[in-house]
Amino acid sequence: MKDPAGQIEQLSEELRHHEHRYYVLDAPLITDAEYDALMRRLQTLETQHPELLTPDSPTQRVGGKPRDGFIKVLHSSSLLSLDNALNEGELRDFDRRVRDLLGGAPYRYVTELKLDGLSMAAHYRDGKFSQAITRGDGTVGEDVTENARTIRSLPLRVKSPLPSFEVRGETVMSRHAFERLNAGRDEKGLSRFANPRNAAAGSLRQLEPRVTAERRLEYYTYYLLTEGRPAFDSHWRAIEELRHLGFKVEPNSKICQTIDEVIDLCNGWEGQREALPYDIDGVVVKVDSVEQQRQLGFTAKAPRWAIAYKYPARQATTTVEAIEVQVGRTGALTPVACLKPVEVGGVTVSRATLHNEDEIARLGLEIGDEVVVERSGDVIPKVVRVSSQGSYRKPFRLPSQCPVCGGKVVREAGEAASRCINANCPARLKESLLHFASRGVMNIDGMGEALVDQLVDRGTVRSVADLYDLQLADLVSLERMGAKSAAKVIRNIDHSRQNALPRVITSLGIRFVGERTAIFLADAFGSLDAIENASLEELQLAEEVGPKVAEAVVQYFSEPGNRELVGRLRTAGLQFHYAPHRPAAGPLQGKTLVITGTLPTLSRDEARQLIEQAGGKVSSAVSKKTSYVVVGEDAGSKLVKARELGINTLTEDELRALAAAG
Ligand code: IVH
């Protein structure tokens, strides 16, 4: 067995390797659970040996404390912007200028997709990430080091012979992360971010690094500098080196020998940009040779050796002919604008989401108005603003009855959404089924919209639990369903019984309880029954579960219909128990501990890890079965209970000693 320092170094190295595989190369070698297990081992070792903790440890991505504001910092050299070319002619003009200024010498271009995010400079000293600065006005930016540290594709340590260097690149949010963020904000009644770029900006400039960490930002690099100057004599060589150092580089960069090749490439991407996971607003064209870049020089605000070919904004003007209402899984009513069909960036758009009543009020929109619609990525088109009021306009009111089932519609105080409160509303059922079957949840392949629609419309499925009673005969009679695919669906439903408890919890669609919270709940309670019967206070002992989530859980289980559903899922044989992988052996083996109050140095999570790593179990409530209660400052009723039952208490120091024994 190696000494702790050696173990820490080896684990860190392993974690860095897997982080790179996962976040930079999108090619993980191990499962999330295996990765988490490695991370926990490292955390425990670092907790036991705080003197060995370094700021570039993989555990330290979210170490930073909230701040009051950002410090302004001078860039090593200006972050310039780029001149734009809006069409083929302007690209050819650019090429002509380059050719003339280079006096006939041969040259080539590197093209890069122009990610639509925020530029940021990241500094490294002695192979370690040391500082990140936003673009700001190009000369002076803001120090966002702690926030940048939470971006997993930004390496905290690199193997480079250079004593210090700087990289520049774009901080972006993928469209997927953006959609998830906005969906979460809708649920919480918070305002939406208008686009991934704004969401990335808001996230990078968060005063609390914890919030940034949840936002799933990515950092793509395109510039490598030493002492404020390009580090290599070819730009292509520099981006290869960035990749080699472990940075994320947009994978569609190309070398182009002629401007015709550049133009073909720009045209090609215009149609394909939808397929990318992030928004791009154009293509950046750069002269590859750094010596030639030097010869070409700069204008006052932009280099003469590069240009941004910008795609036209995908907006168009049309009329709102009607506003329809859709009902989602949580019963939320979403108004949707029915538009006079219009072409936006090559696609005919006839519907655009309006999100909720507040959004309609904010837009000042009435039926009959002329509006600007915008498409970004493959997200649903949206109405940006009213361009002119219709001569016959009609205000829109959300119905007080559900348009699908006629149930009552309620808007609760502090919420943006109005909801149909009938739990058996078919629209809600369809959405619930799709959620239940979706990939990150019960993962029932083949259970898509077409199938769900038919099952609900024919009355074959009236509850999510009915899925487990489906027979082959129920499916083969449906449209577009052969015997083979029907058998597959039945098999997939059957297999879904094996999904672990966190997925079962997620499948219930409890408000605010996504995949991550479900894992914390499963971890803390070990069974669905325990969660079902937990009080508001007990629920909040689970990690990241606050009053709001706890309230939603209690409310969910207070509905008799929901309890019945859970009962049927139990009968169907779903996994209601959870045994997270924990080492069996250790000084705390067989012991159950309860933590109460604020410990002097360990967070709840760290204390729990320390206990689990030593083979112990953490429980949320004190009972006769409790072996020890770990007591911190401001301990409350649990300490009283422990005294009543005569259970031994431990201080943090005593816990450490006990966990390290043996
Ligand atoms: S090069 C002197 N390359 O576009 C070099 N910029 O309109 C200046 N951008 O501020 C930047 N992708 O935020 C460069 N591959 C790329 C880029 C890129 C996106 C952004 C960057 C810059 C803006 C200029």
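Being a predicted model, the structure only gives us computed values, none of them experimental. (Residues numbered from 1 in each chain as written. Predicted model: local features only at pLDDT ≥ 70, side-chain atom pairs only at ≥ 80, totals over all residues. Heavy atoms only, no water.)

S.K.: Pulling in residues and values, what's your account of helix α20 (residues 547–558)?
M.R.: Between its first and last C-alpha, α20 extends 16 Å over 12 residues, near the 16 Å set by a 1.5 Å rise per residue. Every buried residue of α20 is accounted for by Val-549, Ala-550, Ala-552, Val-553, Tyr-556 and Phe-557. Down the axis, α20 shows its buried residues gathered within 160° of arc, on one side only. Exposed residues pointing more than 90 degrees away from the buried face of α20 are listed as Pro-547 and Ser-558. (Helix = DSSP H or I, 4+ residues; strand = E, 2+ residues; numbered from the N terminus. Expected span 1.5 Å × (residues − 1). Buried < 20%, exposed > 50% of the residue type's maximum accessible area, 1.4 Å probe, protein only. Arc of directions from axis to C-beta.)

S.K.: Explain the sheet that holds strand β9 (residues 229–230) residue by residue, including any values.
M.R.: Overall, antiparallel pairing links the five strands, which are arranged β5-β4-β7-β8-β9 in an open sheet. The open sheet has two free edges, formed respectively by β5 (128–134) and β9, since each of these has just one partner strand. Both strand β4 (residues 118–125) and strand β7 (residues 164–173) contribute to a ladder of eight bridges, which runs antiparallel. Within β7, the position partnered with Met-120 by the bridge is Gly-169. Lying over the sheet, helix α6 (residues 196–204) contacts β4, β5, β7 and β8 (217–226), oriented at roughly 130° with respect to β7. (Pairing = 2+ DSSP bridges. Contact = heavy atoms within 4.5 Å. Axes fitted to C-alpha atoms, helices over the stretch in contact; angles between N-to-C directions.)

S.K.: If you had to explain the side chain of Glu-241 to someone new, which residues and values would you point to?
M.R.: On the secondary structure map, Glu-241 appears in helix α8 (residues 235–245). Residue Glu-241 is classed as buried on the basis of its relative accessible area of 14%.

S.K.: Help me get a handle on empty space enclosed by the protein, residues and values and all.
M.R.: This model, assessed by the stated rule, comprises three cavities of 30 Å³ or more. If you add up the space inside the largest cavity, you get close to 50 Å³. Lining the largest cavity are Tyr-223, Leu-224, Pro-230, Ala-231, Phe-232, Ser-234, His-235, Ala-238, Val-290 and Gln-293. Sorting the residues of the lining of the largest cavity by element identifies β8, α8 and α10 (290–296) as the ones contributing at least two each. A class-by-class count of the residues in the lining of the largest cavity yields seven nonpolar, three polar and no charged. (1 Å grid on protein atoms, 1.4 Å probe; cavity = no way out; pocket = protein on both sides within 12 Å on 5 of 7 lines; lining within 4 Å. Points joined across faces, edges and corners; volume = space filled by probe spheres on them. Nonpolar A, V, L, I, M, F, W, Y, C, P; charged D, E, K, R; others polar.)

S.K.: With reference to specific residues and values, describe the sheet that holds strand β23 (residues 648–650).
M.R.: Spatial strand order, β21-β20-β22-β23: four strands in an open sheet with parallel pairing. Each of the sheet's edge strands pairs with one partner strand only, and the pair in question is β21 (617–619) and β23. Averaged over all pairs of adjacent strands, the angle between strand axes in this sheet comes to 35°, irrespective of strand direction. As paired strands, strand β22 (residues 628–631) and β23 are joined by three bridges and run parallel to one another. In the sheet register, Val-630 faces β23, and the bridge partner there is Leu-650. Running over the sheet, helix α22 (residues 604–613) touches β20 (592–596) and β21 and is turned about 165° from β20.

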